[in-house]
Amino acid sequence: TPENAPPQVGDILVYAIGAKMNQPIQVADLPEAGPFQLAFPMDPKTSVVRNKQLNNTLLVLKLLPGSYDPKLVAHVAEGVVCYSAICTHLGCTVSEWESKPQMMRCPCHGSVFNPRDDTVVSGPAPLPLAILPIRLEGSQIVVAGEFLGPVGAQV
Ligand code: FES
C-alpha cells in the first residue's frame, strides 16, 4: 500500500509527531544546529503519509554552514540533512538529541551518531544512519533519491 512504500522521489517531509503531525516541515522552523525533527515522507498528490513502515521514520535537521564534513556536502541543502531515524543496532527509533556536542542518540542501548560526519560515535550500532537525499522546494523538504546505505537493524 502507499502507506508502506519506501520514500519516493518527490515526497514531501512532514512532522511525524507533535501538534503539527502530518503537516509539511517548514525549513524556517528547523532550529539552527538542531535539535532534529522526526519526519515521514508524504505523497504530495494524494497526501498519503507513508507512516505504516517503521523504516520510513526519518530525522531531519539543519546544520550550521561549515560545521559538517565535506563528504556530506552533496547531501545537504541549505544546511538541511535527512537521515533514517532507525537505529542500525536493533531498530529502535533514534529519538534523543544531545546538545553539547550536538549528537543524535538511540534511547535503547545508547548508540550515539554524529550528524555532521555521518558516523557512529559510541555504542553498539554497527553502521551509521543512512542518509536520504533531499532538496528544497520553497519552504518544503522534498525527497530526491533512495536511502544511501542500509536502513534498520544490521546485526
Ligand atoms: Fe539503538 Fe540498540 S537499538 S542502540
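Residues numbered from 1 in each chain as written. Predicted model: local features only at pLDDT ≥ 70, side-chain atom pairs only at ≥ 80, totals over all residues. Heavy atoms only, no water.

Draft legend 1. Geometry of the sheet that holds strand E5 (residues 96-99). Read from one edge to the other, the open sheet built from four strands follows the order E5-E6-E7-E8, with strand pairing classed as antiparallel. Each end of this open sheet is capped by a strand with a single partner; those strands are E5 and strand E8 (119-122). Here the strands of the sheet are splayed against their neighbours by 35° on average, with no regard to which way each runs. Relative to strand E7 (residues 112-114), strand E6 (residues 102-105) runs antiparallel, the two being bridged by two bridges. Note that in E7 the partner of Met 104 across the bridge is Phe 113. (Pairing = 2+ DSSP bridges. Helix = DSSP H or I, 4+ residues; strand = E, 2+ residues; numbered from the N terminus. Axes fitted to C-alpha atoms, helices over the stretch in contact; angles between N-to-C directions.)

Draft legend 2. How the structure looks around the pairing of strand E4 (residues 80-84). In terms of residue burial, E4 counts as a mostly covered element, since five of its five residues are buried. What you see with E4 is no split at all: Val 80, Cys 82 and Ser 84 on one side and Val 81 and Tyr 83 on the other are buried throughout. (Buried < 20%, exposed > 50% of the residue type's maximum accessible area, 1.4 Å probe, protein only.)

Draft legend 3. Structural detail: the confidence of the model for the protein chain. Within the protein chain, residue pLDDT values average 97, and 100% of them lie at 70 or more. Predicted complex, confidence summary: ipTM 0.99, pTM 0.97. (pLDDT = per-residue confidence, 0-100.)

Draft legend 4. The arrangement of the pairing of strand E9 (residues 134-137) in detail. Here four bridges tie E9 to strand E10 (residues 140-143), and the two strands are oriented antiparallel to one another. Paired with Arg 135 across the strands is Val 142, a residue of E10. Linkage of E9 to E10, two consecutive antiparallel strands, is achieved through a turn of two residues, within which Gly 138 is found at a positive phi near 60°.

Draft legend 5. Expanded view of the state of the cysteines. Evaluation of the coordinates by the stated rule reveals one disulfide. With a sulfur-sulfur separation of 1.9 Å, Cys 92 is cross-linked through a disulfide to Cys 108. Measuring handedness by torsion sign, the sulfur bridge of Cys 92 and Cys 108 sits at about -90° and is left-handed. Placement of the pair is Cys 92 in the loop between E4 and E5 and Cys 108 in the loop between E6 and E7, with a sequence separation of 16 residues. For Cys 108, a relative accessible area of 38% gives the class partly exposed. Not engaged in a disulfide, the cysteine Cys 82 finds its nearest cysteine sulfur in Cys 87; these two sulfurs lie 16 Å apart. Assessed through its relative accessible area of 0%, Cys 82 is described here as buried. (Disulfide = S-S within 2.5 Å.)

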